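Analysis of the macromolecular model
Residues per chain are reported as follows:
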Amino acid sequence: MPRPRMLAYLDRWSASPGQRVNVHASGPAGAARVEVVDLVSQTVLGQAMPVTVEPRRLLTGSHLEATGVPAPAWGSVALWLRPHGAGARQVVAELDTGDRRLLITLDEAGRPETVIETGSGVLRAGAGSALPQGAWSLLVAAWTAEPSGTRLRLSIRGAVRDDAAAHRADLPLEPATATLRFGAGSGHRDPYAGRLALPLLTGDALTPGDCDTMTGLTGGPALAGHLGAGLLALWDPAADPGGPVVLDISGNARHARAVNRPLAGLVGPGEDGTRTALQLSPEDLDDARWPRTCAVTVPADAGSTVLGVRVRAGGDSHGDCHVVPLVVPPAGPARPIAVVLPTFTYLAYANHRQSSEAEYFGDYSHVTDRRIELSDTDVHLNAHRDLGLSLYDQRREGGPVYHSCGRRPVLNHTPDYRWWMTGAPRHFAADLLLLRWLHAEGFAFDVLADEDVHTGGAALLARYRVVLTGSHPEYVSAPEREAVAAYVSGGGRLMYLGGNGFYWVTGVDSRHPNAIEVRRGHTGAWWDNEPGEDVLTSTGEPGGLWRERGLAPQELLGVGFTAQGWGPAPGFTRLPDSYRAEAAWVFAGISDPVIGRHGLALGGAAGDEIDRADPGLGTPPGTLLLATSAGGHSGHYQNAPEEARLGADAVRADMTLRPTGAGGAVFATGSVNWVASLACCDGDVRRVTRNVLSRFLIPKPFKGVT
């Protein structure tokens, strides 16, 4: 049996000096040690802490669970169901008293059955036909404990209409208290894949005639009114969409816990479009819920930085150590520069798998000429979907992923991770190189997470002379975007050092810490949601592209996402605006008209995902177009879906500078690869970045275009 890999996560991704952070670890049984490392200065802080670890399971699968509910001698469990797949036994509902169980299941062919199991025997009633996938069916299991014996009936209404009954004389039932689960058995066994709406429990046995009536009652309040006093609980996902509990609207307050955050805000049965449905998946994971291994305190004198909480077992293999990053925002006075790490993007790509990317792209040869090589971490991620999915995975039963959380082990956001597509640092590992370069250059800076800006708003950013983004701030929330826009309009200086930034509308819900929600709408890609279901339950706002909301990235940054590819990356060729007096200082000390001929990723600075300027999409008047990679990209670079009609002319990265009327400015590089080139060698990319940052730190207002 292979040695368990060391895995760990923290209960948060951002903590100020003096705050305590819980560490949750799993690994080879025995002694281990935990130490805190400053990942920017690369120094160990304090002494290692001895701990004991053991292997832990990851219990995936979303379902509902209500405890302390009645299990009457006469009763019914009913719900609407829309299955997404067959092929394995699935538990639709389980009413468990400890001494007896009522089960509603689907067999391997998708045929429903209801079962009562007691110490005295088993009673079954099943349907002969499978439930149709993609269509709603009403399932009702009703039982009676009569003097002549226990009777059990399963009724189905919808595309399949069936009533199956069974009777047993020696199976007595007594009223009891139970746990009622919808979508999985105890211990997450035999999970259900598909949609569920308006599950309920009654204290009387619903008849086939009742079932016929209920097919026309597809709203929670109407259903509750019809069932009246016999209703013990009715869980309505529309009452508080996306909450950690699904509310019981019967008036009995028997609310159900929504385990592993099932997808809410979905259209249920009926034709009124009411969002009474949840989507349950065996692969959902909202929180690993491992016990705490230990707690670490961010040193009071750490300053603003990025720490690594390193958990190490006794072995020497790569799998015996896991480093979890922790952003440390300032606790005291601000330094002149803030670097906002795109932690929402880190969450979107958390445990991003090569196997899913291969499924999406098919033959890699049309997007890269590189040989794809997988690290041990990539191989492990491909083999372990139980670590939770990224927003770039597809569920095995079909359909996209809308939620991603940080309260689970994340293996691809460690300092040493290299992305298989480029063989180079990307996301956190690339942004850490930016921080180390700033540190080596002697710039005084603070580090913020997206979460910090989302919460702190414009007032937080207003403390800084200059704000820098990371290399790929793709996912931003509405409060974060508003904060950055207010900072720029108020005279702040923004350096956008990445590509594909401020692209997807991202929801953050305080009820689900360290997690995001993204619904992409209809972009023509494999992650499209169903019509009418693009509203974020986190915030109530429409999802999709910021561009579709009339807020294209060009309006704020000067450039916006236009193409992606992983063939050889060119540099940026200077344009006439770069020689104007208003901008020539950006290139001081540089004689080569091409900037960024070299880089750690793909060999150049203008690659991976790239952005272009476009006045039609909001690039403001007065924006200087300094340099471009136009004409330098191979056929491996392809237009973004929303740019497809523009063809090769839109496949370029543009470097821009825009003075603002309030004395501020925005500088944009328009390429994910810029930071990887910054770390490559002490060349022109470093000089441009240094020139801009040094000038942005000087309070003197910028001269606009004349």
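The preceding data block contains the structure.
First things first, this report covers the structure right here in the doc. (Residues numbered from 1 in each chain as written. Predicted model: local features only at pLDDT ≥ 70, side-chain atom pairs only at ≥ 80, totals over all residues. Heavy atoms only, no water.)

One open sheet accounts for 3 strands, arranged E1-E2-E21; its pairing is antiparallel. Where the open sheet ends on each side, the last strands, each with one partner, are strand E1 (7-10) and strand E21 (294-297). On average, each strand axis in the sheet is tilted by 30° relative to the strand beside it, whichever way the strands run. Pairing analysis gives 4 bridges linking E1 to strand E2 (residues 20-26), with the strands arranged antiparallel. Within E2, the residue paired with Ala-8 across the bridge is Ala-25. (Pairing = 2+ DSSP bridges. Helix = DSSP H or I, 4+ residues; strand = E, 2+ residues; numbered from the N terminus. Axes fitted to C-alpha atoms, helices over the stretch in contact; angles between N-to-C directions.)

Right, let's get into the sheet that holds strand E17 (residues 245-246). With antiparallel pairing, the 8 strands of this open sheet are ordered in space as E10-E9-E8-E7-E14-E5-E18-E17. Either end of the sheet is taken by a strand with one partner, and the two such strands are strand E10 (121-126) and E17. Sheet topology note: the strand E9 (residues 112-118)/E10 ladder contains 6 bridges and is antiparallel. Bridge pairing in E10 places Thr-118 opposite Gly-121.

Moving on, we get to helix H7 (residues 450-461). Along its 12 residues, H7 runs just 12 Å from first to last C-alpha, ending more than 12% under the 16 Å computed at 1.5 Å per residue. Within the span of H7, buried status applies to Asp-450, Glu-451, Asp-452, Val-453, His-454, Gly-457, Leu-460 and Leu-461. (Expected span 1.5 Å × (residues − 1). Buried < 20%, exposed > 50% of the residue type's maximum accessible area, 1.4 Å probe, protein only.)

Moving on to the packing of H7 against helix H8 (residues 478-489). Where H7 contacts H8, the two axes come as close as 8 Å, and the packing angle between them is 30°. Considered as vectors, H7 and H8 are oriented roughly parallel to each other. Viewed along their axes, H7 and H8 form a crossing whose handedness is left-handed. Every residue of H8 that contacts H7 at Asp-450, Val-453, His-454, Gly-457, Ala-458 and Leu-461 is listed here: Pro-479, Glu-480, Ala-483, Val-484, Ala-486 and Tyr-487. (Parallel < 35°, antiparallel > 145°, perpendicular 65-115°, else oblique. Left-handed = near helix turned anticlockwise from the far one by under 90°. Contact = heavy atoms within 4.5 Å.)

Now for unusual backbone geometry. For His-427, which is not glycine, the phi torsion reads 55° and is therefore positive. Positive phi, normally seen in glycine, also occurs at Leu-602, with a value near 65°. Structurally, the position occupied by Leu-602 is in the loop between strand E34 (594-595) and strand E35 (608-612).

Here we come to the packing of helix H6 (residues 428-441) against helix H11 (residues 684-696). Where H6 meets H11, the axes come as close as 12 Å, and the angle between the chain directions of the two elements is 65°. In this view, H6 runs roughly perpendicular relative to H11, as classed from their interaxial angle. The element H6 and its partner H11 pack so that their crossing is right-handed. Two secondary-structure elements touch here, H6 through Trp-437, Leu-438 and Glu-441 and H11 through Arg-686, Thr-689, Arg-690 and Leu-693. Within the contact of H6 with H11, the residues separate by chemical class into 3 nonpolar, 1 polar and 3 charged. (Nonpolar A, V, L, I, M, F, W, Y, C, P; charged D, E, K, R; others polar.)

Quick look at the pattern of salt bridges now. Applying the stated criterion to the full structure yields 39 salt bridges. Between Glu-35 and Arg-310 there is a salt bridge; the shortest N-O distance is 2.6 Å. Placement of Glu-35 in strand E3 (residues 30-38) and of Arg-310 in strand E22 (residues 305-312) is noted, with a sequence separation of 275 residues between them. Like Arg-310, Glu-35 is buried. For Arg-511, the salt bridge goes to Asp-240, with nearest N and O atoms at 2.9 Å. One end of the pair, Arg-511, is in the loop between strand E30 (504-505) and strand E31 (515-517); the other, Asp-240, is in the loop between strand E16 (231-234) and E17, and 271 residues separate them in sequence. (Salt bridge = Lys/Arg side-chain N within 4 Å of Asp/Glu carboxyl O.)

One pass over the structure, following the stated rule, counts 0 disulfides. Here Cys-294 is not disulfide-linked; the sulfur of Cys-321 is the nearest cysteine sulfur, at 14 Å. You can call Cys-294 buried: its relative accessible area is 7%. Its relative accessible area of 22% is what places Cys-321 among the partly exposed residues. (Disulfide = S-S within 2.5 Å.)

Right, let's talk about the side chain of His-512 for a bit. Checked against the element boundaries, His-512 lands in the loop between E30 and E31. Here Gly-242 takes part through its backbone oxygen, which lies 2.8 Å from a polar atom of the side chain of His-512. The contacts of His-512, once residues within four sequence positions are left out, are Gly-242, Gly-243, Pro-244, Arg-261 and Asp-286. (Polar contact = N/O pair within 3.5 Å; in protein donor to acceptor, adjacent residues only side chain to side chain.)

Turning to the packing of aromatic side chains, a few remarks are in order. Scanning the entire structure with this criterion turns up 13 aromatic pairs. A ring pair is formed by Tyr-349 and Tyr-392, whose centres lie 4.2 Å apart and whose planes are at 20°; its orientation type is stacked. Pair noted here: Tyr-349 is in the loop between helix H3 (343-348) and helix H4 (354-361) and Tyr-392 is in the loop between helix H5 (376-383) and strand E25 (403-405), with a separation of 43 residues, a long-range link. Residue Tyr-349 shares its accessibility class with Tyr-392, and that shared class is buried. When the ring of Trp-419 is compared with that of Trp-566, the centres are 5.7 Å apart and the planes differ by 80°; the resulting orientation is edge-to-face. Note that Trp-419 is positioned in the loop between E25 and H6 and Trp-566 in the loop between strand E32 (560-565) and strand E33 (572-574), a separation of 147 residues in sequence. For Trp-419, a relative accessible area of 4% translates into the label buried. The ring of Tyr-402 carries the charged tip of Arg-519 above its face, separated from the ring centre by 5.5 Å. Positioned above the aromatic ring of Phe-587 is the side chain of Arg-574, whose terminal nitrogen or guanidinium carbon lies 4.1 Å from the ring centre. (Phe/Tyr/Trp six-rings, centres within 6.5 Å; stacked < 30°, edge-to-face > 60°. Lys NZ or Arg CZ within 6 Å of the ring centre and 35° of its normal.)

Along the chain, Arg-310 and Ala-141 lie 169 residues apart, while their C-alpha atoms are 51 Å from each other. Beyond its immediate stretch of four places on either side in the chain, Arg-310 contacts Arg-33, Val-34, Glu-35, Val-37, Val-44, Cys-321, His-322 and Val-323. Engagement of the side chain of Arg-310 in a polar contact is seen with the side chain of Glu-35, the distance being 2.6 Å.

This brings us to the pairing of strand E36 (residues 624-628). Each regular strand carries side chains that alternate between the two faces of the sheet. Counting buried residues in E36 gives 4 out of 5 residues, a clear majority hidden from the surface. Judged from the 2 bridges that link them, E33 and E36 form a sheet pairing that is antiparallel. By the bridge assignment, Arg-574 is partnered in E36 with Ala-627. Bridging between E36 and strand E38 (residues 654-659) involves 4 bridges; their strand directions are antiparallel. From the neighbouring strand, Thr-628 faces E38, where its bridge partner is Asp-654.

Every buried residue belonging to H4 is among Gln-354, Ser-356, Glu-357 and Phe-361, and all of these are buried. One side of H4 holds all its buried residues, which, seen down the axis, span an arc of 160°. Phi turns positive, to about 70°, at Gly-362, one or two residues after H4. (Arc of directions from axis to C-beta.)

In this section: the environment of Pro-28. With respect to the element layout, Pro-28 can be found in the loop between E2 and E3. Classification of Pro-28 as buried rests on a relative accessible area of 9%. Separated by 154 residues in the primary sequence, Pro-28 and Phe-182 place their C-alpha atoms 34 Å from one another.

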